[in-house]
Amino acid sequence: MKENKLVNFFIYLFLILFTIAALYPVINVFSISLRPGDKLLSTSLEIIPDNATLKSYIELFAEREFLLWVWNSTFISFIVTLTGVVLASTAGYALSRFNFIGKQISMMSIITTQMFPATMLLLPMYIMLIELGLSNSYFGIIIVYTSTALPFCVWQMKGYYDTIPFSLEEAARIDGCTRFQAFYKIILPLAAPALVITALFSFMTAWSEYIVAAQILQDTKLYTLPIGLKSFQSNLTTEWGLYAAASLIVSIPVVILFIILSKWLVSGLTLGSVKG
Amino acid sequence: MAEVKLENIKKVYEGNVIAVQDVNLTVEDREFVVLVGPSGCGKSTTLRMIAGLEEITEGKLYIDNKLMNDVAPKDRDIAMVFQNYALYPHMNVFDNMAFGLKIRKFPKNEIKKRVEVAAKILGIENLLDRKPKALSGGQRQRVAVGRAIVRKPKVFLFDEPLSNLDAKLRVQMRTEISKLHEKLEATMVYVTHDQTEAMTMGDRIVVMKDGIVHQIDTPLNLYYHPANKFVASFIGSPSMNFIDGKIISENGLKYRSSSGLLNFKLDTLANKNLSNAINKKVYLGIRPEDFRIKTDETISDTMVTFESIIGVSEPMGNETYIYFILDGVQCVARVDSMFNFKTASQVSFQFDFTKAHFFDGESENRI
């Protein structure tokens, strides 16, 4: 018993330390966003400072193009997610269920693209988009995001389909479905956990990406949230209040998304280990 | 009328693997035909070709006199019950059974009526709201059968539907499917590797091995008149005993086993083919139940007597299986349970050679 208590003590100590490490920056950013002026550093440990003000938040929405960036990011992320889910769910299905010439090669090349760091692909992609006249456009950035997110998603979907018995589709086809009906009426609903992960991954790829967006989008009207945030920093000063307020708002949709989808995430990640 | 006709059906898989070859079979309207054989014999592949889930490499398939080779499974008007039930996990029992009708755009009240009737036949009325994962194996099996019968298809296909059930339930479901066949008066094709299932359920049985049909016949004909050594060994449990030997001509026709332990005259047998097998290697086939323990001195012309040493004796309750070596071959006899021998005791056995079978040593066909 005593030993158990001691072990528990250390487990909790460990967990508490890491929780603090994870939460401190968030709390700190929250605190900064409430401070008047652009004070980054403060000796006070108060979370809500004495002279707390929502000025930064008001300015963000009223005087800056913040809402436009929110819209840009939402729009781009939504299209990337939609394209990602549609393409990954169908491509993964083909790779899981059909035998065709070039199947092995295409699967290998899909995985190979994951071995290059994004920064390395930046230059060729940039040149390609310029040549196509797609730089500084929604369409260009959507293509880049979708193509970076897809390989992982396709493999992920294929892996999940592999765990669904063939006989379910066969039963559906005998019951009166065409191949495609069997896919979307039977297989797709069963693959919901994998679809959720695919959607989340695609969304995150687009929502929080900075490096590629910074190269491709020059027009402030097209800015996504990450570049918009960065624009509060200039060579001489940084508007820390705005920066902190915007950071918090940017992360809210992601947190909400994770909370809503967490049930699916857990079941998606553990699937395959327990079946029945 | 729903007759299924297979003409020279052949299936070749990638890499030139021949799975099924030269299958010719006509399943008559309302007939219950069982495809049976060891695993990998092509029985499931044949069934899946009838269903349209596998392409037919060569040959022709007719259902109701219509060529079906290139018809999609949904348009063949068949239903299939799978080994793993293949119930849709995200739908409850009602929706599972109704799915095929909904896809075919049946009116709602008709769907409800049909599902309720089928559920009643199968005794699953109280399960209609449940999801498949909340059902036992036997209940899932019933739902799978229910999903097939609501559609009232021309042909029912069963792919080893009982092999995932425990022994007791299997026997129960076996009789239920037989009853269902009588009630629905439907054409059914049933695949199993279990010869007991085949014998008890089939109007006719197709015995397959290595992609080839070895015999198509009624259960009793298969048992009493097997076409070859494989069919003889596959049908019947425990399986038939085979002893190597020769037919010789020595003051008339005689059979002599390779060591000479068995040596008896065959004159009384009316089998003319035996005289063509003189000096050729033959297998003598004796069913375990045709052996008996010699208890008295009654001498019959057709009885052959020999002595052997008991290896193992397995009491089954109503009968006893006795294992012994005859002419270097392990044999089993099925005798009355009153016999209880100790291992290594010497026993006199008898069998009636008119009940024995002879198989050609090379072709293994019955002589």
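Computed from a predicted structure; not experimentally measured.

Rules used throughout
- Residues numbered from 1 in each chain as written.
- Chains lettered and ligands numbered in written order.
- Predicted model: local features only at pLDDT ≥ 70, side-chain atom pairs only at ≥ 80, totals over all residues.
- Heavy atoms only, no water.
- Helix = DSSP H or I, 4+ residues; strand = E, 2+ residues; numbered from the N terminus.
- Rg over C-alpha atoms; globule rule 2.2 N^0.38 Å.
- Buried < 20%, exposed > 50% of the residue type's maximum accessible area, 1.4 Å probe, protein only.
- Contact = heavy atoms within 4.5 Å.
- Pairing = 2+ DSSP bridges.
- Axes fitted to C-alpha atoms, helices over the stretch in contact; angles between N-to-C directions.
- Salt bridge = Lys/Arg side-chain N within 4 Å of Asp/Glu carboxyl O.
- pLDDT = per-residue confidence, 0-100.
- Core = buried A, V, L, I, M, F, W, Y, C linked by side-chain atoms within 4.5 Å.
- Parallel < 35°, antiparallel > 145°, perpendicular 65-115°, else oblique.
- Phe/Tyr/Trp six-rings, centres within 6.5 Å; stacked < 30°, edge-to-face > 60°.
- Polar contact = N/O pair within 3.5 Å; in protein donor to acceptor, adjacent residues only side chain to side chain.
- 1 Å grid on protein atoms, 1.4 Å probe; cavity = no way out; pocket = protein on both sides within 12 Å on 5 of 7 lines; lining within 4 Å.
- Points joined across faces, edges and corners; volume = space filled by probe spheres on them.
- Nonpolar A, V, L, I, M, F, W, Y, C, P; charged D, E, K, R; others polar.

Scanning chain A from terminus to terminus reveals 12 helices and 0 strands. Sequence-ordered secondary structure for chain A, helices as α and strands as β, is α-α-α-α-α-α-α-α-α-α-α-α. Whereas a compact globule of 276 residues would reach a radius of gyration of roughly 19 Å, chain A reaches 23 Å, over 25% beyond that. For the C-alpha atoms alone, the extent of chain A along its principal axes is close to 70 × 70 × 35 Å. Expressed as a percentage of its 276 residues, the buried residues of chain A come to 39%. If you take every contact in chain A between residues at least 6 apart in sequence, the share linking residues at least 24 apart comes to 73%.

Here we take up the sheet that holds strand S15 (residues 291–293) of chain B. All names here are of chain B. Ordered in space as S15-S19-S16-S17-S18, the 5 strands form an open sheet in which the pairing is antiparallel. Single-partner strands in this sheet number two, and they are S15 and strand S18 (329–336). Put simply, the sheet's adjacent strands are angled 50 degrees from each other on average, direction ignored. Pairing between S15 and strand S19 (residues 346–352): 3 bridges, direction antiparallel. Pairing of Arg-292 across the sheet is with Gln-350, part of S19.

Okay, the pattern of salt bridges next. A side chain with one charge can pair with a side chain of the opposite charge if their charged atoms come near. Residues and elements named next belong to chain B. With the rule as written, the count across this model stands at 25 salt bridges over all chains. With a shortest N-O distance of 3.6 Å, Asp-29 and Arg-30 are connected by a salt bridge. You can call Arg-30 partly exposed: its relative accessible area is 45%. With a shortest N-O distance of 3.9 Å, Glu-185 and Arg-30 are connected by a salt bridge. Of the two residues, Glu-185 sits in the loop between helix H5 (167–184) and strand S8 (187–192) while Arg-30 sits in the loop between strand S2 (17–27) and strand S3 (32–36), which places them 155 residues apart along the sequence. For Glu-185, a relative accessible area of 48% puts it in the partly exposed group.

Our next topic: unusual backbone geometry. Negative phi is the rule for most residues except glycine; trans is the rule for most peptide bonds. All names here are of chain B. In this chain, Ser-237 is followed by Pro-238 through a cis amide linkage whose omega measures -5 degrees. Relative to the helices and strands, Pro-238 resides in the loop between helix H8 (229–234) and strand S11 (241–249). Here the phi dihedral of Lys-105 falls at roughly 60 degrees; this positive angle occurs in a residue that is not glycine. The exposure class assigned to Lys-105 is exposed, which follows from its relative accessible area of 71%. Here the phi dihedral of Asn-279 falls at roughly 65 degrees; this positive angle occurs in a residue that is not glycine.

In this section: the confidence of the model for chain A. Predicted confidence across chain A gives a mean pLDDT of 85, with 92% of residues reaching 70 or more. This model gives residues 270–276 of chain A a pLDDT under 50, and the stretch forms 4 contacts once residues within four places in sequence are excluded.

Moving on: the nonpolar core. Counting 59 residues, the largest nonpolar core has Ile-186 of chain A together with Leu-157 of chain B as its most contacted members. Broken down by element, the residue count for this core peaks at 6 residues, all from helix H6 (residues 138–162) of chain A. The residues contacting Leu-157 of chain B, other than those within four sequence positions of it, are Leu-47, Ile-50, Ala-51, Ile-78, Ala-79, Met-80, Val-81 and Val-189 of chain B.

Residues and elements named next belong to chain B. Side-chain alternation along strand S20 (residues 357–360) places His-357 and Phe-359 on one buried face and Phe-358 and Asp-360 on a second face that is also buried. Pairing geometry for strand S14 (residues 281–286) and S20, over 4 bridges, is antiparallel. The residue of S20 that forms the bridge with Gly-285 is His-357.

Take the packing of helix H3 (residues 66–97) of chain A against helix H8 (residues 179–190) of chain A next. Residues and elements named next belong to chain A. Interaxial distance between H3 and H8 falls to 12 Å at its minimum, and their mutual angle equals 90 degrees. Relative to H8, the element H3 lies roughly perpendicular. Where H3 approaches H8, its residues Ser-89, Thr-90, Tyr-93 and Arg-97 are matched on the opposing element by Phe-183, Ile-187 and Leu-188.

Take the packing of aromatic side chains next. In the structure shown here, the tally under the stated rule is 36 aromatic pairs over all chains. Taking the centre distance of 5.3 Å and the plane angle of 15 degrees together, the rings of Phe-203 of chain A and Trp-207 of chain A count as stacked. Of this pair, Phe-203 of chain A and Trp-207 of chain A both sit in helix H9 (residues 192–207), separated by 4 residues, roughly a single helical turn. The burial state of Phe-203 of chain A is the same as that of Trp-207 of chain A; both residues are buried. Three or more aromatic residues joined by ring pairs form one cluster here, namely Tyr-255, Phe-264, Phe-291, Phe-306, Phe-324, Phe-349, Phe-351, Phe-353 and Phe-358 of chain B.

A few words on the side chain of Ser-257 of chain B. Along the chain, Ser-257 of chain B falls in strand S12 (residues 253–257). Within the structure, the side chain of Ser-257 of chain B is placed 3.4 Å from the backbone nitrogen of Leu-261 of chain B, a separation counted as a polar contact.

For the rest of this paragraph, the subject is the side chain of Thr-81 of chain A. Residues and elements named next belong to chain A. Residue placement: Thr-81 occurs in helix H3. The exposure class of Thr-81 is buried, given its relative accessible area of 14%. Those residues in contact with Thr-81, other than ones at most four positions away along the chain, are Ala-199, Ser-202 and Phe-203.

This part takes up the layout of surface pockets. Looking at the second largest pocket, its volume works out to about 780 Å³. Residue lining of the second largest pocket: 26 residues in total, with Arg-97 and Arg-179 of chain A together with Leu-53, Glu-54 and Glu-55 of chain B positioned closest to the centre. Elements with a minimum of two residues in the lining of the second largest pocket: H3 and helix H7 (166–175) of chain A together with strand S1 (4–13) of chain B. The biggest single contributor to the lining of the second largest pocket is H7 of chain A, with 4 residues. Across the lining of the second largest pocket, the residue classes break down as 9 nonpolar, 4 polar and 13 charged.

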